[in-house]
Amino acid sequence: MSYKLNKRRLRKIIQRIQHLPGGINFFRYVWNKLHAFYLQSTNSTKVAYPSSIMLEVTNHCNLACITCPREYAFGQQMDKGTIDLNQMKKVVDEVAPYVDSIGLTGLGETLLFKKLEEILKYIKSKNKGIQTFISTNAHVPGSEQYLERIAPYLNTVQISIDGIGKNYEQVRLKSDYSFFFQTAKQLIDVCKKHQVPVMFNFVAVKENYTQMKDVVQLASDFGVDFVNITPVNVGSISTETIAYYELFYSDSFKQELKQAHERSIQLGDVELTVWDVKTKNEFRKCHLPWNHFYISWDGYMTPCCAKPFPKELHFGNVFETSLMQCLNSNEYQQFRKMWFNNETPEFCKKCHVVDMQPIDLDFDIKFN
């Protein structure tokens, strides 16, 4: 297995270093990094200003994917809506001197949110080195014109692709693969024009895992540089148990993943990464209590992006107080204390970071 920095992450780091904050914000930025290092070295349950956050701009979606937690019990109970632009700017104001990346995505389809251009410009006005990221299902009509307007302010576009042809439609319900194929190609062409890297994200399930190598091939055909594969997380899928993870221990899955890896090597123009499937899974393996914090469309600080349901668990509302008050609340610090003790919270049980066993692979592959 390889823990070497993959090309996509290396590119982001270089872009960030080229545009660090200026003036007094440079000293705030450096001090915050030092403060974060100090807190980490002393095993504090507090955190410094984050280097990465996710802002859920909407949790509305035009598809109904079997891999998505919004389609199951937790998701069916959630409130649905769209983030308030002024509240979002308030969060950006708070983190701008310190943050390295902001993802504008979440449970919903990002391109349904029609104020992306304004918020992206606002983020870049703070510091153009802040890396911005969106994810799309490539199923919104006219999205290529929308992307044309916002691409100059983006650093990465992720396209969700969970199969080819009928297999794709089995996983991504309410979808049309032909429409996806044409729309994805148009979006990729826009990204090439503006030199925005594109990544295909593939969630492996029993309906599609035999097509992992085909997705790598399609990425090469489209000129997509990066493909990431992750096993489905049943932590938020109420209809499944951890027995589902047996699929990923099977010789069949391992052979298919090996073929996808070999295809990427053979093609030479697609970097394939996977979730870290080798090291022991446990609560202490999860980095989300410490970074890449998720804020729901209505302002709640939830524990993670895999199960972002405030009605199940949250650590306060950043719109009502502040980001840092939520991050260092007593409740969040107790959550991190459980992390130090490696005591899995009830909320996190069944997650693949906790309950999926390591996969024994006989080949070297990069982790995302």
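Here's what I pulled together on the structure shown here. (Residues numbered from 1 in each chain as written. Predicted model: local features only at pLDDT ≥ 70, side-chain atom pairs only at ≥ 80, totals over all residues. Heavy atoms only, no water.)

1. Quick notes on the overall build of the protein chain
Here is step 1 of the chain: The helix and strand inventory of the protein chain stands at 14 helices and 12 strands.
Here is step 2 of the chain: Taking 2.2 N^0.38 as the reference for a compact globule, 368 residues should give roughly 21 Å; the C-alpha atoms of the protein chain span a radius of gyration of 20 Å, in line with that estimate.
Here is step 3 of the chain: For the protein chain, buried positions account for 55% of its 368 residues.
Here is step 4 of the chain: Looking at the protein chain alone, contacts between residues at least 24 apart form 76% of all its contacts between residues at least 6 apart.
Here is step 5 of the chain: Of the charged side chains in the protein chain, 43 are positive and 39 negative, and the gap between their average positions amounts to 5 Å. (Helix = DSSP H or I, 4+ residues; strand = E, 2+ residues; numbered from the N terminus. Rg over C-alpha atoms; globule rule 2.2 N^0.38 Å. Buried < 20%, exposed > 50% of the residue type's maximum accessible area, 1.4 Å probe, protein only. Contact = heavy atoms within 4.5 Å. Lys, Arg positive; Asp, Glu negative; His and termini not counted. Charge placed at Lys NZ, Arg CZ, Asp CG, Glu CD.)

2. Remarks on a nonpolar patch on the surface
Here is step 1 of the chain: Residues Leu20, Ile24, Phe26, Phe27, Val30, Trp31 and Leu34 make up a contiguous nonpolar surface patch of about 710 Å² in total accessible area.
Here is step 2 of the chain: Along the chain, Phe26 turns up in helix α2 (residues 24-41). (Patch = residues over 30% accessible without salt bridge, like charges linked within 9 Å, V, L, I, M, F, W, Y side chains within 5 Å. Areas by Shrake-Rupley, 256 points an atom, 1.4 Å probe, with all protein chains shown as cover. Salt bridge = Lys/Arg side-chain N within 4 Å of Asp/Glu carboxyl O.)

3. Here's the deal with the pattern of salt bridges
Pairs can form between side chains of opposite charge once their charged atoms are near each other.
Here is step 1 of the chain: Applying the stated rule across the entire model yields 19 salt bridges.
Here is step 2 of the chain: With a shortest N-O distance of 2.7 Å, Lys33 and Asp100 are connected by a salt bridge. One end of the pair, Lys33, is in helix α2; the other, Asp100, is in the loop between α4 (85-95) and β3 (101-103), and 67 residues separate them in sequence.
Here is step 3 of the chain: Asp162 is the partner of Arg172 in a salt bridge, and the nearest nitrogen-oxygen pair spans 2.8 Å. Within this pair, whereas Arg172 is found in strand β6 (residues 172-173), its partner Asp162 is found in the loop between β5 (156-160) and α7 (165-171), the two being separated by 10 residues in sequence. Residue Arg172 shares its accessibility class with Asp162, and that shared class is buried.
Here is step 4 of the chain: Among the charged side chains, a network of salt bridges with common partners joins Arg16, Lys33 and Asp100.

4. A word on the sheet that holds strand β12 (residues 366-367)
Here is step 1 of the chain: Read from one edge to the other, the open sheet built from 10 strands follows the order β11-β10-β1-β3-β4-β5-β7-β8-β9-β12, with strand pairing classed as mixed. Every interior strand has two partners, whereas the edge strands, β11 (301-302) and β12, have only one.
Here is step 2 of the chain: Bridge analysis of strand β10 (residues 293-295) against β11 gives 2 bridges, and the strand direction is antiparallel. From the neighbouring strand, Tyr294 faces β11, where its bridge partner is Thr302. (Pairing = 2+ DSSP bridges.)

5. Concerning the nonpolar core
In a soluble, globular protein the nonpolar side chains are often hidden away together inside.
Here is step 1 of the chain: Ranked by internal contacts, the top residues of the largest apolar core, which has 101 residues, are Ile102, Leu104, Phe200, Phe248 and Met301.
Here is step 2 of the chain: Leaving out residues up to four positions away in the same chain, Phe200 has contacts with Ile159, Ile161, Ile188, Val215, Leu218, Ala219, Phe222, Val224, Phe226, Val227 and Asn228.
Here is step 3 of the chain: With 9 residues, the next largest nonpolar core counts Met54, Leu63, Phe74 and Tyr294 among its residues. (Core = buried A, V, L, I, M, F, W, Y, C linked by side-chain atoms within 4.5 Å.)

6. As for the packing of aromatic side chains
Here a ring pair, both rings aromatic, is described through the centre-centre distance and the interplanar angle of the planes.
Here is step 1 of the chain: Under the defined criterion, the tally for this structure stands at 20 aromatic pairs.
Here is step 2 of the chain: A centroid spacing of 3.9 Å and a plane angle of 10° characterise the contact between Tyr49 and Tyr98, whose relative ring orientation is stacked. Of this pair, Tyr49 sits in the loop between α2 and β1 (52-55) while Tyr98 is found in the loop between α4 and β3, placing the two residues 49 residues apart along the sequence.
Here is step 3 of the chain: Look at Trp290 and Trp339: their rings are 5.3 Å apart centre to centre, the planes differ by 75°, and that puts the pair in the edge-to-face class. Of this pair, Trp290 sits in the loop between β9 (271-274) and β10 while Trp339 sits in helix α13 (residues 330-340), and the two are 49 residues apart along the sequence. (Phe/Tyr/Trp six-rings, centres within 6.5 Å; stacked < 30°, edge-to-face > 60°.)

7. Some details on helix α11 (residues 251-267)
Here is step 1 of the chain: Here α11 spans 24 Å end to end across 17 residues, near enough to the 24 Å set by a 1.5 Å rise per residue.
Here is step 2 of the chain: Three or more residues of α11 are buried, namely Phe253, Lys254, Glu256, Leu257, Ala260, His261 and Ser264. Seen along its axis, α11 keeps its buried residues to an arc of 165°; they face one direction. Opposite its buried face, α11 presents the exposed residues Asp251, Ile265 and Gln266, each directed more than 90 degrees away.
Here is step 3 of the chain: A positive phi of about 80° marks Gly268, the residue just after α11. (Expected span 1.5 Å × (residues − 1). Arc of directions from axis to C-beta.)

8. What about the pairing of strand β7 (residues 198-204)?
Here is step 1 of the chain: Burial of β7 is extensive: 7 of the 7 residues sit out of reach of the surface.
Here is step 2 of the chain: Side chains Val198, Phe200, Phe202 and Ala204 project from β7 onto one buried face, and the interleaved Met199, Asn201 and Val203 project onto a second face that is buried too.
Here is step 3 of the chain: The pairing of β5 with β7 spans 4 bridges and is parallel. Each bridged residue has a counterpart across the sheet, and for Val157 the counterpart in β7 is Val198.
Here is step 4 of the chain: Two strands pair when backbone bridges link them, and β7 and strand β8 (residues 226-231) are joined in this way by 6 bridges, in the parallel orientation. Of the residues in β8, the one forming a bridge with Met199 is Phe226.
Here is step 5 of the chain: A crossover connection joins β7 to the parallel β8 through helix α9 (residues 212-222); in handedness this β-α-β unit is right-handed. (Right-handed = clockwise from strand over helix to strand, strands pointing away.)

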